[in-house]
Amino acid sequence: MSEKSMLNLHEAALALCAASDDPHALEVELAHAIEHGDLRANVKRWATEQWESKQLPGNINRLETWIERSELDAWQQRRQPA
């Protein structure tokens with residue numbers, strides 16, 4: 001089974017999730033990384049009145065913001081303790 005090369009923010013959070021993790025907390029962490037320039041992504045933002053789920057920093061749309069799998073993997077490596 002091959003991995004997708006592009007993941008939306010929600011899929012990326014699920015890919016990083018361990019059984020005990022909260023997917024929304026990981027979505028927030030990814031959104032913060034995107035907002036601070038630590039993780040490159042093709043970002044789509046919601047207008048406040050369009051919101052479909054729990055809000056993310058910067059009104060990032062979790063289903064239409066796309067992250068390259070290689071960018072996600074590199075970001076994950078950088079955040080792990082040395």
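Please read all numbers here as calculations on a predicted model, not as lab measurements.

About the cut-offs
Residues numbered from 1 in each chain as written. Predicted model: local features only at pLDDT ≥ 70, side-chain atom pairs only at ≥ 80, totals over all residues. Heavy atoms only, no water. pLDDT = per-residue confidence, 0-100. Helix = DSSP H or I, 4+ residues; strand = E, 2+ residues; numbered from the N terminus. Buried < 20%, exposed > 50% of the residue type's maximum accessible area, 1.4 Å probe, protein only. Polar contact = N/O pair within 3.5 Å; in protein donor to acceptor, adjacent residues only side chain to side chain. Contact = heavy atoms within 4.5 Å. Core = buried A, V, L, I, M, F, W, Y, C linked by side-chain atoms within 4.5 Å. Axes fitted to C-alpha atoms, helices over the stretch in contact; angles between N-to-C directions. Parallel < 35°, antiparallel > 145°, perpendicular 65-115°, else oblique. Nonpolar A, V, L, I, M, F, W, Y, C, P; charged D, E, K, R; others polar. Salt bridge = Lys/Arg side-chain N within 4 Å of Asp/Glu carboxyl O.

Enquirer: Would you mind going over the confidence of the model for the chain with me for this structure?
Expert: Parts of the model with low pLDDT should not have their predicted coordinates read in detail. Per-residue confidence for the chain gives a mean pLDDT of 88, with 89% of residues at or over 70. Within the chain, no element has a lower average pLDDT than helix α3 (residues 69-79), which sits at 93, and none a higher one than strand β2 (residues 66-68), at 98.

Enquirer: I tried to follow the side chain of Asn8 on my own but got confused; where do I start?
Expert: Here Asn8 shows up in strand β1 (residues 6-8). Judged by relative accessible area, Asn8 falls into the buried class, the value being 8%. At 2.7 Å, the side chain of Asn8 forms a polar contact with the backbone nitrogen of Glu11. Ignoring any residue separated from it by four or fewer positions in sequence, one finds Asn8 in contact with Arg62, Leu63, Thr65 and Trp66.

Enquirer: Would you mind going over the nonpolar core with me for this structure?
Expert: The nonpolar side chains of a soluble globular protein tend to be buried, and buried together. Counting 16 residues, the largest nonpolar core has Leu30, Leu39, Leu72 and Trp75 as the members making the most contacts within it. Ranked by residues supplied to this core, first place goes to helix α2 (residues 23-35) with five residues. Contacts of Leu39, omitting those with residues within four sequence positions, involve Leu30, Ala33, Ile34, Ile67, Glu71, Leu72 and Trp75.

Enquirer: Just checking my understanding: could you explain the packing of α2 against α3 for this structure?
Expert: If you want to describe how two helices pack, look at the angle between their axes and the distance between the axes. In the contact formed by α2 and α3, the axes pass within 12 Å of each other and the chain directions differ by 95°. Taken as axis vectors, α2 and α3 run roughly perpendicular relative to one another. Contacts between α2 and α3 involve Leu26, Glu29, Leu30 and Ala33 from the first element and Leu72, Trp75 and Arg79 from the second. The class makeup of the residues in the contact of α2 with α3 is five nonpolar, no polar and two charged.

Enquirer: Help me out: how do you make sense of the pattern of salt bridges in this one?
Expert: Side chains that differ in charge, positive against negative, can pair when their charged atoms come close. Within this structure, the stated rule accounts for seven salt bridges. Across the pair Glu11 and Lys4 runs a salt bridge whose closest N-O atoms are separated by 2.8 Å.

Enquirer: Help me understand the side chain of Glu27, please; the structure alone is not making it clear to me.
Expert: Mapped onto the secondary structure, Glu27 falls in helix α2. A polar contact of 2.6 Å, which involves the side chain of Glu27, links it to the side chain of His10. Beyond its immediate stretch of four places on either side in the chain, Glu27 contacts Leu9, His10, Ala13, Leu56 and Arg62.

Enquirer: Just to check I follow, could you spell out unusual backbone geometry for this structure?
Expert: When glycine is set aside, most residues are seen to have a negative phi, and most peptide bonds are trans. Despite not being glycine, Asn59 has its phi angle at roughly 55°, a positive value. Looking at the secondary structure, you find Asn59 in the loop between α2 and β2.

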